[in-house]
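What the coordinates show
Chain by chain, the residues run as shown.
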Amino acid sequence: MSTEEKSAAPRSLAEALRVRDDVSLAALLRSRPDLITPVPTDLTQLATRAGTRASVVRALERLDRFALQTAEALAVAPEPASYGELLALMGGDEEDPVVAAALPRAAALLREQALVWGADDRLRLVRTARELLAPSPQHPSPTGLGPTVREATAGMSPGRIQDILAAVGLPSTHDSVSAVSALGGLFADRRRMAALLAELPGESREVLDRLVWGPPYGQVTHDPAAHLRALLDRGLLLPTAPGTVVLPREVALHLRAGRAHRAPEPVPPPVEAAATHRPQVVDATAAGQALAALATVDELLKEWDEGGPTVLRAGGLSVRDLKRTAVALDVPEPVAAFWVELAYGAGLIASDGAAEERYAATPAYDEWRELPPAERWAHLAAVWLTATRTPGVVGGRDAKDRTLSALGPNLDRSAAPEVRHRVLALLAGLPEGASPIEESLLARLRWERPLRGPRREQREQREPGQARDDDLRGRVARWTLSEAELLGVTGRGALAAPGRALIGAPEVPRPAEAQESEPAGPGDKLPVHHHRMPPVTAPPTPAERAAATATAARLLAPLFPEPLDHVLLQADLTAVAPGPLERGLADVLGVLADVESKGGATVYRFTPGSVRRALDAGQSAADLHAFLARHSRTPVPQPLTYLIDDVARRHGRLRVGAASAYVRCDDDATLDEILADKRAANLGLRRLAPTVLAAQADPAALLEGLRAIGFAPAAESAAGDVLIARADSHRTPPRAAPEPVPDGPPAPDDTLLTAAIRAVRAGDLASTTPRKPVPGDGEGGGEAGAPGGTLPRTGAAETLATMQAAVLTGEALWIGYVNAEGAASQRVIAPIRVEGGFVTAYDHTADEVRTYPLHRVTGVAELADDAG
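Fair warning: this is a prediction, and the values are worked out from it, not measured in the lab. (Residues numbered from 1 in each chain as written. Predicted model: local features only at pLDDT ≥ 70, side-chain atom pairs only at ≥ 80, totals over all residues. Heavy atoms only, no water.)

**Some words on the overall build of the protein**
What counts is decided by this rule: Counting from the N terminus, the helices are the DSSP runs of H or I reaching at least four residues and the strands are the DSSP runs of E reaching at least two. Each residue is placed in one exposure class: buried if its accessible area under a 1.4 Å probe, protein chains only, is under 20% of its type's maximum, exposed if it is over 50%, and partly exposed if it falls in between. Contacts are assigned to residue pairs that have any heavy atoms within 4.5 Å of one another. Surface accessibility follows the Shrake-Rupley procedure with a 1.4 Å probe radius. Residue values consider only the protein chains on display as shielding.
Looking only at helices and strands, the protein features 35 helices and 25 strands. By residue count, 46% of the 868 residues in the protein fall in the buried class. Nonlocal contacts in the protein, meaning residues at least 24 apart in sequence, comprise 67% of its contacts between residues at least 6 apart. Summed over its atoms, the accessible surface of the protein is roughly 41300 Å², and 54% of this surface lies on carbon and sulfur atoms.

As structure tokens, then:
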């Protein structure tokens, strides 16, 4: 490299960033958004922030496996390393062609993310990343390599080093530095090392083979065996502590044929297809699941309409209430937790905030129910895709060994939205209608984010307080597959068309011959794009997410069957709904009858309790007869007519009010019957008059108690009117849905990136522009003309005179400025006009014309003559 090229090479990360264009800086800030929170003042501060431990750890965690292996190789390479040396470490002596083809992408990614800087002949890993990834006794390197000969012999006596030189046939030297250099040169020479190893006995070679791929440390006694002594005498094992030896890095690399990793993984593992189905079958199955999802959420909300379970003191749902909800929905408890969390995330349920807090439906639930079914589903699916609350962890333990409850705190896992989106994107990459082999999908995710997967030693290098869930991404991926099937995003394990639209994937054209093809068997393997990498794109804007949600609803709507306006009444007091019912019909029938079974057809059963529930809701017997006659395709069975008339005849004969509570009835014989019933003893009843009983229980408990022993009382007001309790009577005050907890700072949009880059370059220009010396530069004011010196300090008269002179000459000036909030900054301006106590100038740092009050200018200095 020539002298001019050496002088042009960046000497620091800040200088490397300074020569980047705006597109490259935008890519850096988009991939590492923590670097602009807040916006740095200049590129030097940006480089400093990019080298902090927290930021580097976050950046390393977002590398794929091969990029991370490349960084690990640089951490054990000489500093600086050439691209050829890096290629030798990654590809070995044989230079694996697949590794050689993939390495430029990995190196470019590390350079783009400011983890590596420098030209190809002087690559440098940022210091913090080297500290994290380089081998040490406390944190072995993932490469399995140990320290270099120089590092391992740092505390060794000069005489012992000379003895090793003699044992390997090298001439003695006058100092330890040259001796260590000679020994390292021998170990790095393939030919001479092969001859040295050929002299060793077989047992010595076996010891080296056990240590070669790590860990490189071993234990020896104070009197080692002959085969170990042969290794120690030749420096092939070096002592690091009493009883502990290490395999030097140069020796290990020779034994590995130059490779830093046993198994480089330059290409991502393919996501393999388990089976394929016709796309129409997948879409129809998903639509059926979507309908079932809407019905389940409706059933949950109706269950909690009049006030659901109480809120635990620490927040959330008790284990008992979750079990009751699971029984009511006829699903396992983990599935019940999913539906509860989904409704909560969509803002459909919340705490009512009363003295005795209970969960209940929100006003948003009524608005949601008014939407068409496809839009209701799309809203739920969009919430699920972006939610950080993770119902799969319900029942586990938090950091303080407390049980994690549904709707409770500490359920947010900020990586969940990214994993869900990535799982669906990988499904979208399969042929249409193909379901994945789960293990192949998990292997792909582990390759894309290895530091967030299992068995990575770097987990110990996390910052204090960071999550340490073992293989959280893998567990979230498994939950995503099952939840997507429950929700109808997938059908038979394959991504449906609405689910594809939900993540913004393009629609797949369907040729006629593909539509008529037979489904493949479970073992059929399908062609997939094995090595396609996900593009680096900006996160979708709210408008883009809304458009994707609308497209998903549009694609799903034709797949839903038309709602029915009729049922089939049967003589066994049941009604069969052969499909989804119109909402008004479903609401009334849900009050009038109990759901007995669900599926393709829903079976409702009429009971005295369900009929009484309809009467309590304000319906009369005539209303019920007319409703059934209007909506039944079969004649109303006589047993059902008799059931309604019989319950209506007795309904309201008893009246319950507040005394603490009382019962009144025109038929004193009925009151006699109640007093004689032993099951009413706990109500504390006593007769006040022939037609009135007083009770110690409150009105609600009295109503429930009388109904439990077979009567049908009605509640009444203080005026004696019958109180009608409607099913939708209880709503919480307006509540906002829980906001997702982001994984670090949110990704910046294009507007913010443009503004941030402009501000950083402006600050950098002001801090690096050479200036002429001003009075005081030589005494504590910094070196004259040096960039980044202290802000200039001049008096008001000198400032005004310099400004006026610059207007005449057209020269640019360097000024110190304090804004109205008291924040000091430095700027480079070209004054245009000075009048009325203000200077109007073209501000090079802001790239626009601005006006500044002169009294806020702390000082001014002329730029050096050679300032560009």
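**Structural notes on the side chain of Arg-256**
Note the threshold: Counting rule applied: Lys, Arg positive; Asp, Glu negative; His and chain ends not counted. Salt bridges are counted wherever a side-chain nitrogen of Lys or Arg sits within 4 Å of a carboxyl oxygen of Asp or Glu. Distance and chemistry together define a polar contact, namely a pair of N or O atoms within 3.5 Å, with one atom able to donate a hydrogen and the other to accept it when in protein, and with adjacent residues in sequence counting only for side-chain atoms on both sides.
Within the secondary structure, Arg-256 is located in the loop between helix H16 (249–255) and strand S6 (273–276). Buried and unpaired, Arg-256 has no salt bridge, with Glu-72 as the nearest side chain of opposite charge at 9.3 Å. A polar contact is formed between the side chain of Arg-256 and the backbone oxygen of Gly-144, at a distance of 3.5 Å. What Arg-256 contacts, discounting residues up to four positions off in sequence, is Thr-143, Gly-144, Leu-145, Val-212, Trp-213, Gly-214 and His-261.

**Points about the packing of aromatic side chains**
The line we're drawing: Note on aromatic contacts: the rings of Phe and Tyr and the six-membered ring of Trp form a pair at centre separations within 6.5 Å, being stacked when their planes are under 30 degrees apart, edge-to-face when over 60 apart, and tilted otherwise. Lysine NZ or arginine CZ positioned within 6 Å of the ring centre and within 35 degrees of the ring normal marks a charge as sitting over the ring.
Following the criterion strictly, the structure yields four aromatic pairs and no others. Cation over ring: Arg-376 sits above Trp-368, and NZ or CZ is 5.3 Å from the ring centre.

**Some remarks on the sheet that holds strand S3 (residues 217–219)**
Convention followed: If DSSP finds at least two bridges between two strands, the strands pair. Angular values range over 0 to 180 degrees, each being the angle between N-to-C directions of two axes fitted as lines to C-alpha atoms, with helices fitted over their stretch in contact.
As summarised here, the arrangement of the three strands in space is S3-S5-S4, forming an open sheet in which the pairing is antiparallel. The strands lining the two open edges of the sheet, one partner per strand, are S3 and strand S4 (238–241). Neighbour-to-neighbour, the strand axes of the sheet open up by a mean angle of 40°, direction not taken into account. Direction of pairing for S4 relative to strand S5 (residues 244–246): antiparallel, over a ladder of three bridges. Each bridged residue has a counterpart across the sheet, and for Leu-238 the counterpart in S5 is Val-246.

**Concerning the pairing of strand S22 (residues 824–835)**
The pairing of strand S21 (residues 813–818) with S22 spans six bridges and is antiparallel. Counterpart to Ile-815 in the pairing with S22 is Arg-827. Counted along the chain from S21 to the antiparallel partner S22, the turn is five residues long, and its residue Gly-822 has a positive phi close to 90°. Across six bridges, S22 lies against strand S23 (residues 838–843) in antiparallel orientation. Its bridge partner lying in S23, Glu-835 is registered against Phe-838.

**What to know about the nonpolar core**
In plain terms, the rule: Side-chain atoms within 4.5 Å link the members of a nonpolar core, which is a set of buried Ala, Val, Leu, Ile, Met, Phe, Trp, Tyr and Cys residues.
Core analysis: the largest hydrophobic core is formed by 92 residues, its most contacted members being Leu-60, Phe-187, Leu-236 and Leu-237. Ranked by residue count, the leading element in this core is helix H6 (residues 65–76), at eight residues. In this view, Leu-60 contacts Leu-68, Leu-115, Leu-132, Leu-133 and Leu-451; residues no more than four positions away in its chain are not counted. Counting residues in each nonpolar core, the second largest holds 73 residues, with Ala-273, Ala-378, Ala-552 and Ala-553 among its members.

**Some remarks on unusual backbone geometry**
In this model, Thr-37 is joined to Pro-38 through a cis peptide bond whose omega is -5°. For Pro-38, the position within the fold is in the loop between helix H3 (22–31) and helix H4 (43–50). For the peptide bond that leads from Gly-214 to Pro-215, omega is -5°, which places it in the cis range. Here Pro-215 is to be found in the loop between helix H14 (202–211) and S3.

**Focus on the sheet that holds strand S13 (residues 574–577)**
As summarised here, the arrangement of the four strands in space is S12-S13-S15-S14, forming an open sheet in which the pairing is antiparallel. Here the strands that pair on one side only, and so sit at the sheet edges, are strand S12 (568–570) and strand S14 (594–597). This sheet shows a mean twist of 30° between the axes of neighbouring strands, independent of strand direction. Across four bridges, S13 lies against strand S15 (residues 602–605) in antiparallel orientation. Within S15, the position partnered with Ala-577 by the bridge is Thr-602.

**Focus on the pattern of salt bridges**
Throughout the structure, instances matching the rule amount to 38 salt bridges. The salt bridge involving Arg-130 is made with Glu-79; its shortest N-O contact spans 3.7 Å. One end of the pair, Arg-130, is in helix H9 (residues 127–133); the other, Glu-79, is in the loop between H6 and helix H7 (83–91), with 51 residues separating them in the sequence. It is possible to trace a salt-bridge network through shared partners that takes in Asp-298, Lys-302, Arg-369, Glu-370, Arg-376, Arg-583 and Asp-587.

**A few points about the packing of H6 against helix H8 (residues 97–112)**
To keep it simple, the criterion reads: Geometric relationships in this document are graded by angle, where less than 35 degrees denotes roughly parallel, more than 145 denotes roughly antiparallel, 65 to 115 denotes roughly perpendicular, and other angles denote oblique. In this count, Pro and Cys sit with the nonpolar residues alongside Ala, Val, Leu, Ile, Met, Phe, Trp and Tyr, while Asp, Glu, Lys and Arg are called charged and the others, Gly among them, polar.
Two elements in contact, H6 and H8, have axes whose closest approach is 9 Å; the angle formed by their N-to-C orientations is 80°. In this view, H6 runs roughly perpendicular relative to H8, as classed from their interaxial angle. Counted together, Phe-66, Ala-67, Thr-70 and Ala-71 of H6 and Val-99, Ala-102, Leu-103, Arg-105, Ala-106, Leu-109 and Leu-110 of H8 form the full contact between these two elements. Residue composition of the contact of H6 with H8, by class: nine nonpolar, one polar and one charged.

**Concerning the packing of helix H21 (residues 373–386) against helix H24 (residues 472–487)**
For any two helices packed against each other, one specifies the crossing angle of their axes together with the interaxial distance. Taken N-terminus to C-terminus, the directions of H21 and H24 make an angle of 170°; their axes are 11 Å apart at the nearest point. Regarding the angle of H21 to H24, the classification is roughly antiparallel. Listed contacts from H24 to Trp-377, Leu-380, Ala-381 and Trp-384 of H21 are Thr-480, Glu-483, Ala-484 and Leu-487. When grouped by side-chain class, the residues that make up the contact of H21 with H24 number six nonpolar, one polar and one charged.

**So, helix H5 (residues 53–61)**
Helical geometry: 3.6 residues make up each α-helical turn, so side chains three or four residues apart lie on a common side. Burial in H5 covers these residues: Ser-55, Val-56, Val-57, Ala-59, Leu-60 and Glu-61. Where H5 is buried, its residues touch H4, H6 and H9.

**A word on the environment of Thr-37**
Tracing the chain through its elements places Thr-37 in the loop between H3 and H4. Using a relative accessible area of 49% as the deciding quantity, one classes Thr-37 as partly exposed. If near-sequence neighbours (up to four positions away) are discounted, Thr-37 is found in contact with Arg-49 and Pro-745. Looking at Thr-37, its side chain comes within polar contact range of the main-chain oxygen of Pro-33, at 3.2 Å.

**Concerning the environment of Ala-14**
When you line up the elements, Ala-14 lands in helix H2 (residues 13–18). A sequence separation of 33 residues divides Ala-14 from Ala-47, and the C-alpha atoms of the two residues are 5.1 Å apart. Beyond its immediate sequence surroundings of up to four residues, Ala-14 is in contact with Leu-43, Thr-44 and Ala-47.

**Points about the confidence of the model for the protein**
Worth spelling out the cut-off: Per-residue confidence from the prediction method is given by pLDDT, with values spanning 0 to 100.
Confidence in the prediction of the protein, expressed as mean pLDDT, is 84, and 88% of residues score 70 or more. This stretch, residues 2–6, has a pLDDT under 50; its non-local contacts, to residues over four places away or in other chains, come to one contact. For the stretch residues 512–537, pLDDT sits under 50, and the model shows 43 contacts to residues farther than four places along the chain or on other chains.

**Concerning the environment of Ala-680**
Relative to the helices and strands, Ala-680 is located in the loop between helix H32 (668–676) and strand S18 (686–689). Residue classification places Ala-680 among the buried residues on the basis of a relative accessible area of 4%. For the pair Ala-680 and Ala-708, spaced 28 residues apart in sequence, the C-alpha separation works out to 9.4 Å. Setting aside chain neighbours within four positions, we find Ala-680 in contact with Ile-674, Leu-685 and Ile-709.

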